[in-house]
Amino acid sequence: MGEVLQALLLGVVQGVTEFIPVSSSGHLVLVPYFLGIDPPGIAFDVALHVGTFAAVVLYFRTDLTRLIAAVFGVGDPVLVSYYRRLAVLLVLGSIPIAVIGFTLRDVFEAAFDSPMTAAVFLMVTGVLLLLGEAARSRRGGISGTVADTDGEEAMVGRDPGDPEGLALDAMGVRQALVVGFGQCVALFPGISRSGTTIAAGMSAGLTRPAATRFSFLLALPALIGAAIVSAPDLASGPVEFSPLAVIVGIVAAFVSGFLAIRWLLALVARDRLTVFAAYCLVAGLLSLVAITLTT
């Protein structure tokens, strides 16, 4: 496979699976394994995350602008109060991964050498998604519709189909920490960061749209932190791809990531995540069988 084509493929895989709850890390281990190509090194992996980071920033530019303005007390007092509180919750939700990710970094990185581990954890992602939906169902939640929530209501994650679920403006410290610890589990390949944090949010009482929105916003500090931690490795590590291939990979991750965010936010307003759970369970099982038969 040509270098540029390989970079394009991996960029699309990263962009789509970073936000759709099927695990980007698991797919970046399994896809190269089954295609017989070398897995991307740390430098290229960080480059792809630059693309997905840019996708989050572009899509949530309104939220981010308001978050920054709220820190300085600029704007409507109601919005300032809401976004200041949201900023605090994002900081709290980021603390677990900052501590655990740095402390156990070698343990998590070692897991990336095993396609079988990625396949097993992909099935775990499926189970976690089912548990999250089960928690929502126990509250009496039903499928909502996009038309029921619009504008500012949609931005805070209200869900007419889950009246007992908490929107972002009612979210508390407990929900932020539960989602934050869920994000730590996703440091293993095959465990979806978005899937785990969305499922954790729903289990902690958030509506599906609110959990999804908080999950995506929480990705920003996580991606920044990962880049900072990887900086020493980038300085001494080899460059696996040419500059052109790296640019292609970043652009592919950015475009596919942006489209994935927009599609998933629309989807979670009306449909359950069980289709992704089924995909993770089936893909993980088939991968596990294939790996076992070829080793």
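Our subject is the structure that appears above.
Figured I'd write up the structure that's included with this text. Note that the structure is predicted; figures quoted are calculated from it, not measured.

1. Details of the packing of helix H1 (residues 3–19) against helix H2 (residues 24–35)
Next, step 1: Between H1 and H2, the least distance of the axes is 9 Å, while the angle of their chain directions is 150 degrees. The orientation of H1 with respect to H2, classified from their angle, is roughly antiparallel. The two elements H1 and H2 meet at a crossing, and its hand is right-handed. Where H1 abuts H2, its residues Leu 9, Leu 10, Val 13, Gln 14, Thr 17 and Glu 18 lie against Ser 24, His 27, Leu 28, Val 31, Pro 32 and Leu 35.
Next, step 2: Considering only residue class, the contact of H1 with H2 consists of seven nonpolar, four polar and one charged.

2. Quick notes on the nonpolar core
Nonpolar side chains tend to gather and get buried jointly when the protein is soluble and globular.
Next, step 1: Membership of the largest hydrophobic core comes to 51 residues, with the highest contact counts inside it found for Phe 60, Leu 86, Phe 214, Ile 261, Leu 273 and Phe 276.
Next, step 2: Discounting chain neighbours no more than four positions away, the residues touching Phe 214 are Leu 86, Leu 89, Leu 90, Leu 168, Met 171, Ala 176 and Val 179.
Next, step 3: Counting residues in each nonpolar core, the second largest holds nine residues, with Ala 7, Val 13, Leu 48 and Ala 245 among its members.

3. Digging into the pattern of salt bridges
Next, step 1: Going through the model one piece at a time under the given rule, you end up with seven salt bridges.
Next, step 2: Note that Arg 136 is salt-bridged to Asp 159, the shortest N-O span being 2.9 Å. Residue Arg 136 is located in helix H7 (residues 115–138), and its partner Asp 159 is located in the loop between helix H8 (151–155) and helix H9 (173–185); the two are separated by 23 residues in the primary sequence. Here the two residues Arg 136 and Asp 159 agree in accessibility, since each one is buried.
Next, step 3: For Arg 139, the salt bridge is made with Asp 162, and the minimal N-O distance between the two is 2.7 Å. Of the two residues, Arg 139 sits in the loop between H7 and H8 while Asp 162 sits in the loop between H8 and H9, which places them 23 residues apart along the sequence. Grouping residues by exposure puts Arg 139 and Asp 162 together as buried.

4. Remarks on the side chain of Ser 256
Next, step 1: Of note, Ser 256 is situated in helix H12 (residues 243–268).
Next, step 2: You can call Ser 256 buried: its relative accessible area is 9%.
Next, step 3: Those residues in contact with Ser 256 that sit more than four places away from it in its chain are Gly 11, Val 12, Gly 15 and Val 16.

5. Details of the packing of H9 against helix H10 (residues 193–203)
Next, step 1: Here H9 crosses H10 at 150 degrees, and the two axes come no closer than 8 Å. One element, H9, and the other, H10, form an angle in the roughly antiparallel class. By crossing handedness, the relation of H9 to H10 is classed as right-handed. For the pair H9 and H10, the contacting residues are Val 178, Val 179, Gly 182, Gln 183 and Val 185 in the first and Arg 193, Thr 196, Thr 197, Ala 200 and Gly 201 in the second.
Next, step 2: Grouping the constituent residues of the contact of H9 with H10 by class yields four nonpolar, five polar and one charged.

6. Looking at the packing of aromatic side chains
Next, step 1: Using the criterion set out here, one finds eight aromatic pairs in the structure.
Next, step 2: A centroid spacing of 5.2 Å and a plane angle of 80 degrees characterise the contact between Tyr 33 and Phe 34, whose relative ring orientation is edge-to-face.
Next, step 3: On the basis of relative accessible area, Tyr 33 is assigned to the partly exposed category, the value being 31%.
Next, step 4: Aromatic side chains Tyr 82 and Tyr 83 sit 4.7 Å apart centroid to centroid with 75 degrees between the ring planes, which places their arrangement in the edge-to-face category. Residues Tyr 82 and Tyr 83 agree in their burial class; the two are buried.
Next, step 5: Grouping aromatic residues by their ring pairs yields a cluster made of Phe 19, Tyr 59, Phe 60, Phe 216 and Phe 258.

7. Overview of helix H13 (residues 274–294)
The periodicity of an α-helix, 3.6 residues per turn, causes residues three or four places apart in sequence to face the same way.
Next, step 1: For H13, spanning 21 residues, the distance from its first C-alpha to its last is 30 Å, which sits close to the expected 30 Å at 1.5 Å a residue.
Next, step 2: Those residues of H13 that sit buried are Phe 276, Ala 277, Cys 280, Ala 283, Gly 284, Ser 287 and Ile 291. Down the axis of H13, the buried side of the element spans an arc of 140 degrees, and every buried residue falls inside it. Opposite the packed face of H13, turned more than 90 degrees from it, sit the exposed residues Val 275, Leu 286 and Leu 293.
Next, step 3: For H13, the secondary structure elements touched by its buried residues are H2, H7 and H12.

Reading guide: rules and limits
- Residues numbered from 1 in each chain as written.
- Predicted model: local features only at pLDDT ≥ 70, side-chain atom pairs only at ≥ 80, totals over all residues.
- Heavy atoms only, no water.
- Axes fitted to C-alpha atoms, helices over the stretch in contact; angles between N-to-C directions.
- Helix = DSSP H or I, 4+ residues; strand = E, 2+ residues; numbered from the N terminus.
- Parallel < 35°, antiparallel > 145°, perpendicular 65-115°, else oblique.
- Left-handed = near helix turned anticlockwise from the far one by under 90°.
- Contact = heavy atoms within 4.5 Å.
- Nonpolar A, V, L, I, M, F, W, Y, C, P; charged D, E, K, R; others polar.
- Core = buried A, V, L, I, M, F, W, Y, C linked by side-chain atoms within 4.5 Å.
- Buried < 20%, exposed > 50% of the residue type's maximum accessible area, 1.4 Å probe, protein only.
- Salt bridge = Lys/Arg side-chain N within 4 Å of Asp/Glu carboxyl O.
- Phe/Tyr/Trp six-rings, centres within 6.5 Å; stacked < 30°, edge-to-face > 60°.
- Expected span 1.5 Å × (residues − 1).
- Arc of directions from axis to C-beta.

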